[in-house]
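# Descriptive analysis of the structure
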Amino acid sequence: MSRYLNPKYETLAVYTPGEQPQGRQYIKLNTNESPFPPSKEVLSAISSAALADLRLYSDPECVRLRAKLAAAYDTTPEHVFVSNGSDDILNFAFMAFAGGEVPAYFPDVTYGFYPVFAALSGVRCVELPLLEDFSISVPDYCGKDGLIVIANPNAPTGIALSRDELETIIKSNPDHVVVVDEAYVDFGAQSCVPLTWKYKNLLVVMTFSKSRCMAGARLGFAIGTAELIADLNRLKYATNPYNVNRLTLLCGEAAIDSDGYFRARQREIMQIRGETMVALQKMGFTVLQSEANFIFMTHPSADGGALYRELKARGVLVRHFDKARIRQYNRVTIGTRGQMSVFLTETKKLLERGDLHEKQ
Ligand SMILES: *Cc1c(COP(=O)(O)O)cnc(C)c1O
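First, a word on scope: everything that follows refers to the structure included in this document. (Residues numbered from 1 in each chain as written. Predicted model: local features only at pLDDT ≥ 70, side-chain atom pairs only at ≥ 80, totals over all residues. Heavy atoms only, no water.)

### Description of the packing of helix H9 (residues 259-282) against helix H11 (residues 337-353)
Spelled out, the test is: A fitted line through C-alpha atoms represents every axis, and for helices the fit uses only the stretch in contact; the resulting angles, taken between N-to-C directions, go from 0 to 180 degrees. Numbering of helices and strands runs from the N terminus; a helix is a DSSP stretch of H or I covering at least four residues, while a strand is a stretch of E covering at least two. Small angles under 35 degrees read as roughly parallel and large ones over 145 as roughly antiparallel, with 65 to 115 read as roughly perpendicular and the rest as oblique. Crossing handedness is read from the near helix: turned anticlockwise from the far helix by less than a right angle, it gives a left-handed crossing, and turned clockwise, a right-handed one. Throughout, a residue-residue contact means that at least one pair of heavy atoms, one from each residue, lies within 4.5 Å. Throughout this entry, Asp, Glu, Lys and Arg are counted as charged residues, while Ala, Val, Leu, Ile, Met, Phe, Trp, Tyr, Cys and Pro are counted as nonpolar. The remaining residues, Gly among them, count as polar.
Between H9 and H11, whose axes approach to 11 Å, the crossing angle comes to 15°. Comparing the axis directions of H9 and H11 gives the class roughly parallel. In the crossing of H9 with H11, the sense of the turn from one axis to the other is right-handed. Judged by residue contacts, Gln271, Ile272, Glu275, Thr276, Ala279 and Leu280 of H9 engage Arg337, Met340, Phe343 and Leu344 from H11. A per-class count over the contact of H9 with H11 returns six nonpolar, two polar and two charged.

The structure is reproduced here in structure tokens:
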């Protein structure tokens, strides 16, 4: 920290991203990336002419991509916002729809970036505890006096609410925005996009990072009323109007054009998720019901932190959160069948060795 830093940032707690090791090759099951490459249409989207065009700024309105997204989601382009990853959109949403007297509500166990965005914008946040079974208690979110942010499916649990349950929450908060973060919705949950026609306070946020195999491209989008989208554009145009680069726009357009490929990969992940759950349950793990591309698991005789460290030593990287309520759990991204088979074999060996039991 330099002595020039604005003191208001001195105590800012920042987000801790999952490890992105650059040396040793791990079986990387820690940041919910896709194990599959994007479609061949995406792989060939960037011509040398497109590279030559890098001398030009990108389209700040993302007109072509927004038209394609609007068609794909049965809406019109003025209901679609595009930005540099959905994290960017979530940040804008905290800036735009909370602050001052308006707090933000989200679960005590959810995406770790929400409290960071709140702190950055000086938004007071209220963490509502998940129920004992890690599900969201719908009544807790009804009739609140602030912004509501719900990841559906939730992370790191993978548990989803139904569209009807979310509609109950949205309907009961007409004076405040409800953000539904659908980063993982393509792996089996119901999307709230159809409700954006019905409710002026609903913003659905989505990403190309998970189900469209493009985490490195940094591309996110949101769907809501034209008014909410205009609010987000105010913030985008006040910070960095060109925040989606030309190459990413081309890849995003090609991805929407090859939807069939991505749907097939999503089905494959869901299939492997089912097989992995069964194998883990046979070993004695408790695995939460997941509608995402990861599972959240715990074992009565394996300490969560110890299992994470021992797997890492064997070249398998999973995600462990050092937070009281979930310390005995690990979040494991669904990889290819080959990757999951190594993960399962190593896990089994560790359990049989039997020295993972000391709970810290
Ligand atoms: C991965 C993730 C995001 C971030 O997605 P980007 O588009 O890569 O910024 C947002 N919300 C949740 C819950 C996520 O897990």
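### So, unusual backbone geometry
A cis amide bond links Asn152 to the next residue, Pro153, at an omega of -5°. Relative to the helices and strands, Pro153 is located in the loop between strand E5 (147-151) and helix H6 (163-171). The peptide bond linking Ala155 to Pro156 adopts the cis configuration, its omega dihedral lying at 0°. With respect to the helices and strands, the residue Pro156 is situated in the loop between E5 and H6.

### Observations concerning the nonpolar core
Rule in force here: Only buried residues count toward a nonpolar core. Its members are Ala, Val, Leu, Ile, Met, Phe, Trp, Tyr and Cys residues joined through side-chain atoms within 4.5 Å. Relative accessibility under 20% of the residue-type maximum defines a buried residue, over 50% an exposed one, and the middle range a partly exposed one, all with a 1.4 Å probe and only protein chains included.
Leu69, Val82, Ile169, Phe208 and Phe343 are the most contacted members of the largest nonpolar core, which has 87 residues in total. Excluding residues within four positions of it along the chain, Leu69 makes contact with Val80, Val82, Phe208, Phe221 and Ile256. Within the second largest apolar cluster, 28 residues are counted, among which are Phe94, Leu228, Ile229 and Leu235.

### Here we look at the packing of helix H3 (residues 63-72) against helix H8 (residues 246-257)
Relative orientation of the contacting elements H3 and H8 amounts to 25°, with a least axis distance of 9 Å. Regarding the angle of H3 to H8, the classification is roughly parallel. Regarding H3 and H8, the two cross each other, and that crossing is left-handed. Counting all contacts with H3, which are made through Arg64, Leu65, Lys68, Leu69 and Ala72, the residues of H8 involved are Leu249, Leu250, Gly252, Glu253, Ile256 and Asp257. Looking at side-chain class alone, the contact of H3 with H8 contains six nonpolar, one polar and four charged residues.

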